[in-house]
Every structure is written in structure tokens, then in C-alpha cells.
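Per-entry structural report
Residue strings, one per chain:
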Amino acid sequence: MNFCDAQLDRDIIAIECNNISIKGAEREGLIFNRSDLDLDEMATGANDNIITTLPLKTGKTPFKVVQPTRTPFNGTKTEAVVGTYATTFTHTLQIVVLNHGDFVANVVQQLASGEFVVAMKNRSANLDSGTAPSPTGHHYVWQFYGIESGLHLASAVRELYNDDTLAGWLVTLTETDAQKAGIFATNDLIDSYLNPTNDPLAPSQEAT
Amino acid sequence: MDKITKTKARLRMGCVLYHVKGFNGIYTNANLTDDVARAFLEQRPDKERWFETLPDPAPADTEPAKPVEPASDVNENTEPAQPVETTPKKRGRKPKK
């Protein structure tokens, strides 16, 4: 009989001197409708916390989510939920929409009823990670939220005189019952979303 | 001289090729060639869905050049070469017309 009994297989290094973590995230992320992702064709890397390929269905595209503030995605966190037989993780993402109007109201309504995946870039001393392994292995800065069970709206608040949101919207999305503490993307994968080549017949040179 | 060829193969957004046999590197639409695409599909024929456009089939191999037989001085099927007779040039005055 097998039990879910994971074993530690490496040292726990609290501080890596050549890769000290910097708090926060970059201002631009990507948001996907989870139904636009072809999860059947997802491929993982050295461990299954790293996604190397995650195609979109034909005709679908990701959307940018931009947080023009000094503390983008402030309020984003991951918490372990300790159960009797298993521990899961709850991922919480906060987005501020510094605006209001019919267009924004429509976006908030879509966020209220949809299921989403967000890719967010963690700030890190080890930029463009994945190419220069640290003593503990590669570090990937782009992180996916919502891959396992989707991000759903937990709250959306608009306060007319709120100094932080300036009468915009504070939207909180959560993913519950996730098995993984963090799922990451390679830089090449994110680049394929950000910089798709538009020319289907891009010339290539072959030396003869 | 570099030969410019158009790449027909095109990956779907979000697809990246790793560890393609016979090629080094990581491939996206920015650097994909039909040769890489064909090599990948040979390894992973179940991944045609990763492609928006499949590559053209590999070009037919040209027939290898037939080895050129070295010229032989001895040929059993022909008579031995006859010495060519040449008349020595005469030196002298031109004949009158």
C-alpha cells in the first residue's frame, strides 16, 4: 500500500548569496481565459512545476494585465491549507483596475463569471533565469496562477473615495485546492506569447 | 553562399521545441526551420497538434553521382590502336597557280 509520503531530497538553503530574492512582481503580466488553453498539450520540464509548452487553442490570444504602480499585484500570496489527509494550496492574486466606466464594468463582469490563468513575473536578482543554474538548480521567474483549478473571482470592490484605487476596482482572484506551491514558466514559453511571429512564411537561411 | 529558404512550418502560440535530435538549442517560430520541424515530428509524431502549419515533406534525395571509372589504357574489346601515320611536312616553294 502506498502513502502520499514525500521525502526531502536536498538541503534547505534559506539564503543563496548569489540569488537573494527581491520582493514583488513586475508591472506587466498576462491573463488567459483558462478555456483558451490547450491543457491536454501541456508539457513540463525537469520537474513538473515547470511548464515548457502550453499552447493556446486556434485563434485565441492572451491579454496583458498591467499594474502601473510601485507595488504591482500587491496582496498576491500563496497559503498552504493543511488538511487531515492532504495539504493543498490557495493562490490569491490581486489586481487593481485604476479606472471605471462601461468598458471596465464589462471587464469586471467577465472576471466575475469566468475562469482564468495569470502569468506574472516575480522580481528576482537572478534575471533571465533558467540559463545559469544556481547551486540549487534553475530559477524561473515567470509564475502561473490558476493552471490547476483556475482563478475565480473572490471579491471585486469599488470605493468612490478610496485613496489607493482612486475610485477604481480592487479585484481578488483565487485558486483553491491546488496541489502545487508554485508553477513556473520558462522564458521561452512566455516569449512565444509576447512575441509571436506574424509572418507564416518567415524566411530562414540555410548555408549550402 | 547562403541559400534563403522559406520555412513553412509554424508552431502554435505557446509551443516551444526542446531537445530536437540532431539540432542544438530551443526552437520557437522565431528560429524554426522545416528541417527542425521534420526532425521533431519524426521523434514525436503525436505532436502534430503543436503545429499551426506542418513542414513540407523532406525533399527527395538526388541520385548519388555515379563513380567515374578511371580511363583504362587497355581495352579488350577494341583493336589495339593503330599508329597514326603522318606525312612529314614538305618544305619548299608554293606551287604555281
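Further up the page is the structure itself.
Here's what I pulled together on the structure shown here. Here the residue numbering is sequential within each chain, running from 1 through the sequence in written order. Written order decides the labels, with chains lettered from A and ligands numbered from 1. Totals for whole chains, interfaces and linings use all residues, but because this is a predicted model, local features are given only for residues with pLDDT of at least 70 and pairs of side-chain atoms are given and counted only at 80 or more. Note that water and hydrogens are dropped before the side-chain values are worked out from all heavy atoms of the structure.

Observations concerning helix α1 (residues 34-43) of chain B
The line we're drawing: Exposed residues in this analysis have more than 50% of their type's maximum accessible area, buried residues have under 20%, and partly exposed residues fall in between, with area computed by a 1.4 Å probe over protein chains only. Numbering goes from the N terminus for both helices and strands, where a helix is a DSSP run of H or I of at least four residues and a strand is a run of E of at least two.
Of all 10 residues that make up α1(B), 7 are buried, and the element is covered over most of its length. Among the residues of α1(B), those classed as buried are D34(B), V36(B), A37(B), R38(B), A39(B), F40(B) and L41(B).

Some details on the pairing of strand β4 (residues 50-53) of chain A
On any regular strand, side chains alternate: one points to one face of the sheet, the next to the other face. Residue and element names in this part refer to chain A. In plain terms, the rule: Paired strands, as defined in this entry, are two strands with at least two bridges between them according to DSSP.
By the bridge criterion, 2 bridges tie strand β3 (residues 43-44) to β4 in an arrangement that is antiparallel. Within β4, the residue paired with A43 across the bridge is T53. The turn linking β3 back onto β4 is made up of 5 residues. Here β4 runs beside strand β12 (residues 183-185); their pairing, made up of 2 bridges, is parallel. Considered in β12, the bridge of I51 is made with A185.

Re the sheet that holds strand β6 (residues 77-82) of chain A
Paired through backbone hydrogen bonds, the strands of a sheet run either parallel or antiparallel to each other. All names here are of chain A. The cut-off we apply is this: Here the axes come from fitting lines to C-alpha atoms, over the contacting stretch only for helices, and the angles between their N-to-C directions go from 0 to 180 degrees.
Strand order in this open sheet of 4 strands is β6-β7-β11-β10, and the pairing throughout is antiparallel. Taken across any chain shown, the strands that pair with only one partner, and hence form the sheet edges, are β6 and β10 (152-158). Taken pair by pair, the neighbouring strands of this sheet meet at an average axis angle of 20°, ignoring direction. Of the strand pairs in this sheet, strand β7 (residues 87-97) and strand β11 (residues 169-178) are connected by 8 bridges, and their pairing is antiparallel. Residue T92 lies in a different strand from β11, and its bridge partner there is T174.

Some words on the pattern of salt bridges
Our working rule: Just to be clear on terms, a salt bridge is a Lys or Arg side-chain nitrogen sitting within 4 Å of an Asp or Glu carboxyl oxygen.
This model, assessed by the stated rule, comprises 12 salt bridges over all chains. Close ionic contact of K47(B) with E41(A) constitutes a salt bridge, the shortest N to O distance being 3.4 Å. Of this pair, K47(B) sits in the loop between α1 and β3 (51-53) while E41(A) sits in the loop between β2 (28-33) and β3, which puts the two residues in different chains. Of the two residues examined, K47(B) and E41(A), each falls in the buried class. As a salt-bridge pair, K8(B) and D56(B) come within 3.2 Å of each other at their nearest N and O atoms. Placement of the pair is K8(B) in the loop between β1 (2-6) and β2 (10-11) and D56(B) in the segment after β3, with a sequence separation of 48 residues. For K8(B), a relative accessible area of 33% puts it in the partly exposed group. Judged by its relative accessible area of 36%, D56(B) falls in the partly exposed class.

Don't take any of this as a statement about function, it's just geometry.
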